[in-house]
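Listed here are the chains, written in short residue letters.
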Amino acid sequence: SYGVMFYILAFNGDMESAVNWSKKSLNSPYFPGLPELDKWIVYFQLGMYYHRKGILDSSKYYADLALPLVARNEEASPGLASDTYMLFGYLAFAQKNYRDALTYFYKSPYPLGLAQVYQSMGKSDSVIFYATRTLAAAELQKSPQIKLMAAGILAQEYEHSDPVKSNKYLKIYIEASDTLNS
């Protein structure tokens, strides 16, 4: 039930309260006896929280705890596996280990992560392909945060080669930003 509280609070934007529920679960005397899937959820939640806060050593600590659980339980929870691979991808990306980052993002599959890695590698065609896929999905899902990131990447990619397209994506970026800030 702690995991459910995490998701409810995180969905409503209260990450600090959400992570407190994950920590309560982790520190519960019942935690060692929980099924692996329940432990995996907690490790993933804490890993993502610390990643978003920029505390990468703590994020990696929890990701490392989740790693063997992914291998043993991937089929039981493909969505959680996908999200966990995304976390692994971002940790590898932060270390500029692009090969591993791509491997994890392809496993996730997380096209925004792929676009970001390819952008760092200077592979414009791949950046545009994956950022465009991300933007289309973000529009369908009505996700202004993802829309903002994808449009920002596309505006940067087209800045020198096609200023008209760059401005188009810059407008989308500004609209998404306004939505988030309203």
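Residues numbered from 1 in each chain as written. Predicted model: local features only at pLDDT ≥ 70, side-chain atom pairs only at ≥ 80, totals over all residues. Heavy atoms only, no water.

Undergrad: Residue-level account of the confidence of the model for the protein, with values.
TA: Parts of the prediction with low pLDDT should not have their coordinates interpreted in detail. Confidence in the prediction for the protein averages 92 pLDDT; 97% of positions are at 70 or higher. Summarising per-element confidence for the protein, the mean pLDDT is lowest in helix H1 (residues 2-11) (72) and highest in helix H7 (residues 111-121) (97). (pLDDT = per-residue confidence, 0-100. Helix = DSSP H or I, 4+ residues; strand = E, 2+ residues; numbered from the N terminus.)

Undergrad: Lay out the pattern of salt bridges with the relevant residues and their values.
TA: Tallied over the entire structure, the rule returns 4 salt bridges. Ionic pairing is found between aspartate 100 and arginine 99, a salt bridge with its closest N-O pair at 3.4 Å. In this structure aspartate 100 comes out as partly exposed when scored by relative accessible area, which is 25%. (Salt bridge = Lys/Arg side-chain N within 4 Å of Asp/Glu carboxyl O. Buried < 20%, exposed > 50% of the residue type's maximum accessible area, 1.4 Å probe, protein only.)

Undergrad: Can you lay out the environment of tyrosine 49 for me, pointing to particular residues and giving the numbers?
TA: Looking at where tyrosine 49 falls in the secondary structure, it is placed in helix H3 (residues 36-53). Tyrosine 49 sits 10 residues away from serine 59 along the chain, and the two C-alpha atoms are 7.4 Å apart. Those residues within four positions of tyrosine 49 in sequence are excluded, and the remaining contacts are Met15, Glu16 and Val19. (Contact = heavy atoms within 4.5 Å.)

Undergrad: Help me get a handle on the packing of helix H6 (residues 98-107) against H7, residues and values and all.
TA: Their axes nearest at 9 Å, the elements H6 and H7 cross at an angle of 160 degrees. By the angle class used here, H6 and H7 are roughly antiparallel. Two packed elements cross with a definite hand, and for H6 against H7 that hand is left-handed. Contact residues: Tyr98, Ala101, Leu102, Phe105 and Tyr106 in H6; Gly113, Leu114, Val117, Tyr118, Ser120 and Met121 in H7. Within the contact of H6 with H7, the residues separate by chemical class into 9 nonpolar, 2 polar and no charged. (Axes fitted to C-alpha atoms, helices over the stretch in contact; angles between N-to-C directions. Parallel < 35°, antiparallel > 145°, perpendicular 65-115°, else oblique. Left-handed = near helix turned anticlockwise from the far one by under 90°. Nonpolar A, V, L, I, M, F, W, Y, C, P; charged D, E, K, R; others polar.)

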